Amino acid sequence: LLVLLGLGGLIFAMGWHRYLTLEHLAANRELLRSFIEGNLLLSLAAFAALYAVTVALSLPGGAVLTIAGGFLFGWVLGGMTSVVAATLGATVVFVIAKSALSDVLQARAGPWLSRFRDGFHEDAFSYLLFLRLVPVFPFWLVNLAPGLLGVPFGTYVVTTFLGIIPGTFAFSLAGNGLDSVIAAQQAAHQSCLAKAGEGGQESCPQGLDPSALLTPELIAGL
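Residues numbered from 1 in each chain as written. Predicted model: local features only at pLDDT ≥ 70, side-chain atom pairs only at ≥ 80, totals over all residues. Heavy atoms only, no water.

Colleague: Report on the nonpolar core, specifying residues and quantitative values.
Modeller: Within the largest apolar cluster, 43 residues are counted, with the highest numbers of intra-cluster contacts made by Leu25, Tyr51, Phe116, Phe120, Val151 and Leu178. In this view, Phe120 contacts Tyr127, Leu128, Leu131, Ala145, Pro146, Leu149 and Val151; residues no more than four positions away in its chain are not counted. (Core = buried A, V, L, I, M, F, W, Y, C linked by side-chain atoms within 4.5 Å. Buried < 20%, exposed > 50% of the residue type's maximum accessible area, 1.4 Å probe, protein only. Contact = heavy atoms within 4.5 Å.)

Colleague: Pulling in residues and values, what's your account of unusual backbone geometry?
Modeller: Phi at Ser58 takes a positive value of approximately 55°, unusual for a residue other than glycine. By the secondary structure assignment, Ser58 is in the loop between helix 4 (40-56) and helix 5 (62-73). (Helix = DSSP H or I, 4+ residues; strand = E, 2+ residues; numbered from the N terminus.)

Colleague: Tell me about a nonpolar patch on the surface, and please be specific about residues and values.
Modeller: A contiguous nonpolar surface patch, about 500 Å² in accessible area, is contributed by Val84, Leu88, Phe125, Val158, Phe161 and Leu162. Residue assignment for the nonpolar patch shows that the elements contributing at least two residues are helix 6 (75-98) and helix 10 (153-163). As for its position among the elements, Phe125 is in helix 8 (residues 111-133). For Phe125, a relative accessible area of 36% gives the class partly exposed. (Patch = residues over 30% accessible without salt bridge, like charges linked within 9 Å, V, L, I, M, F, W, Y side chains within 5 Å. Areas by Shrake-Rupley, 256 points an atom, 1.4 Å probe, with all protein chains shown as cover. Salt bridge = Lys/Arg side-chain N within 4 Å of Asp/Glu carboxyl O.)

Colleague: Give me the lowdown on the environment of Arg29, citing residues and values where you can.
Modeller: One can find Arg29 in helix 3 (residues 29-38). For Arg29, a relative accessible area of 12% translates into the label buried. Once the C-alpha coordinates of Arg29 and Ile182 are considered, the two residues, 153 residues apart in sequence, prove to be 9.6 Å apart.

Colleague: Kindly report on the side chain of Thr66, identifying the contributing residues and their values.
Modeller: Position of Thr66 relative to the elements: it lies in helix 5. For Thr66, a relative accessible area of 4% puts it in the buried group. From its side chain, Thr66 meets the backbone oxygen of Gly62 in a polar contact 2.9 Å long. Those residues within four positions of Thr66 in sequence are excluded, and the remaining contacts are Tyr51, Ser82, Thr168, Phe171 and Ser172. (Polar contact = N/O pair within 3.5 Å; in protein donor to acceptor, adjacent residues only side chain to side chain.)

The analysis is restricted to geometry; functional conclusions fall outside its scope.
Right under this line is the structure:
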């Protein structure tokens, strides 16, 4: 728990969480891909570690990392790695909630915990699988609640692994089609600069429009 708190504090203090954006991914795609070509296993391990830490610390950016996995490694390999890493990160949260923080958090949880209690006590496997498949509640909350309500470790791991597969591969498919989106947006930016002339940088901001991610790959995945 102290290690996670220390890591979380360091990441926010240094501002590293701000790099988990599609804009940074687009800006560094050539550098990342050239490194991956010569260091595939190391790149996969580093990506999985980054993903697991992001989930364990409940940092924003899980969806961006899933898209990045499909973009950098292909939707199959990237999706599989994301599922495993997300399950590992979520399991860390579960273990801490079940052991180090259980009594404290249950005392402070208040009414929101009772929303989950009946479902977990009646049929923990089906209820948790439903919560994973249908993201009604935030991912970090569904990581935390089962540990506080006595869900067995095996049930938690299996339902988490199975339940996040559909959503993960949908976003991974979106990442697989991201290259054409980035190319189109960069071409539009260059065209805008050419027309604007001097001072074009201000009138032609460079970025990645999230709505452009509605590619045929994402639609197929959903």
